[in-house]
Amino acid sequence: MAQNGKSDKKKAAEDRLEALQVNLVDAQIWAQSAGKRICIVFEGRDAAGKDGAIKRITEHLAVRQTQVVALPKPSDREKTQWWFQRYTPHLPAAGEWTLFNRSWYNRAGVEKVMGFSTPEEQARFIKDVPQFESMLIHDDIILIKLWLDISRDEQKKRLDERRADPLKRLKVSPLDAVAQGKWADYSAARDEMLKASHTKHAPWTCIKTDDKTAARENIIRHILSMIDECQYTNPVPKPDPDIVFSFDAVTKGKRSLNP
């Protein structure tokens, strides 16, 4: 047993995470010195682990150069705007990191499943999003898109834990009640969204998240590997291919997402 009653396995995981977080600090220092802009999009079903992953990433980053964006539902005025308009003010400036905890892809996910937007609006989004992201890339923004994939049983377990834990009351959403009932609808919307928006310039990376600890560690590994111009203090192991894989592997039938 490790000290303080922690298992050797847990202590080893904490040590690996700390080493990766040191590298994240390296990456932010590099971004500041080089004037780079980092934009990370976190998408996935309810309880897929977006909050926990973002917390581990930002834990030791500079507050002034790091923003986490989790927008509420659009206001009546915002509903009349160009869809991307409410997101563009949050894009990073030089040296900054922006992490979107759900993003413009809401239109292709929850809005589609719940009927919060029209089929015409959804079709326009699917057509426009590759062009929008192409503009971001051409303006030298480093865009990293992550789909966090969770199994139906694990989602139910986590949603039940949320409702039972008074400290997690702020995480409980009215949409939680339909997450399981509309599982198939969300799967269909996910598949359509990923196929339409997985492009050469802005690809999707899929993360298996049933094991929270492994998912968080591998998300950070992937992010660091995408910022490959930085010189890191610690070695950056390649992500585990059983946990992290390109959506290309799904389209080619080599990997699968939870049905």
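Each value, and the rule that gives it
- Residues numbered from 1 in each chain as written.
- Predicted model: local features only at pLDDT ≥ 70, side-chain atom pairs only at ≥ 80, totals over all residues.
- Heavy atoms only, no water.
- Helix = DSSP H or I, 4+ residues; strand = E, 2+ residues; numbered from the N terminus.
- Rg over C-alpha atoms; globule rule 2.2 N^0.38 Å.
- Buried < 20%, exposed > 50% of the residue type's maximum accessible area, 1.4 Å probe, protein only.
- Pairing = 2+ DSSP bridges.
- Axes fitted to C-alpha atoms, helices over the stretch in contact; angles between N-to-C directions.
- Contact = heavy atoms within 4.5 Å.
- Parallel < 35°, antiparallel > 145°, perpendicular 65-115°, else oblique.
- Left-handed = near helix turned anticlockwise from the far one by under 90°.
- Nonpolar A, V, L, I, M, F, W, Y, C, P; charged D, E, K, R; others polar.
- UniProt positions renumbered as here; feature names shortened; annotations may be inferred.

With that out of the way, let us pick up the overall build of the protein chain. Looking only at helices and strands, the protein chain has nine helices and six strands in total. In terms of C-alpha radius of gyration, the protein chain reaches 18 Å, essentially the compact-globule figure of 18 Å for 259 residues. Expressed as lengths along the three principal axes of its C-alpha atoms, the size of the protein chain is roughly 55 × 45 × 40 Å. In the protein chain, which comprises 259 residues, the proportion classed as buried is 47%.

In this section: the sheet that holds strand 1 (residues 37-44). Sheet architecture is open: six strands sit in the order 2-3-1-4-5-6, paired in mixed fashion. The open sheet has two edge strands, strand 2 (66-69) and strand 6 (244-246), and neither has a second partner. Averaged over all neighbouring strand pairs, the angle between strand axes comes to 20°, with direction disregarded. Here strand 1 runs beside strand 3 (residues 97-101); their pairing, made up of five bridges, is parallel. What sits directly across from Phe42, in strand 3, is Asn101. Lying over the sheet, helix 8 (residues 212-226) contacts strand 1, strand 3, strand 4 (141-149), strand 5 (204-208) and strand 6, oriented at roughly 160° with respect to strand 4.

Next up on the list: the packing of helix 2 (residues 50-58) against helix 8. Put simply, helix 2 and helix 8 touch, their axes get as near as 9 Å, and they point 55° apart. On the basis of their axis angle, the class for helix 2 and helix 8 is oblique. Along this stretch, helix 2 crosses helix 8, giving a crossing that reads as right-handed. Judged by residue contacts, Gly52, Ala53, Arg56 and Ile57 of helix 2 engage Arg216, Ile219, Ile220 and Ile223 from helix 8. Within the contact of helix 2 with helix 8, the residues separate by chemical class into five nonpolar, one polar and two charged.

The subject of this paragraph is the pairing of strand 5. Strand 5 sits mainly inside the fold: four of its five residues count as buried. Pairing between strand 4 and strand 5: five bridges, direction parallel. In the sheet register, Lys145 faces strand 5, and the bridge partner there is Trp204. Where strand 5 lies against strand 6, three bridges are found, and the strand directions are antiparallel. Bridge pairing in strand 6 links Thr205 to Ser246.

This part covers the UniProt feature "domain: Polyphosphate kinase-2-related" (unreviewed entry) in the protein chain. As annotated by UniProt and renumbered to match this structure, "domain: Polyphosphate kinase-2-related" (unreviewed entry) occupies residues 9-230. Along residues 9-230 one finds 48% helix and 14% strand; the C-alpha atoms at either end are 29 Å apart.

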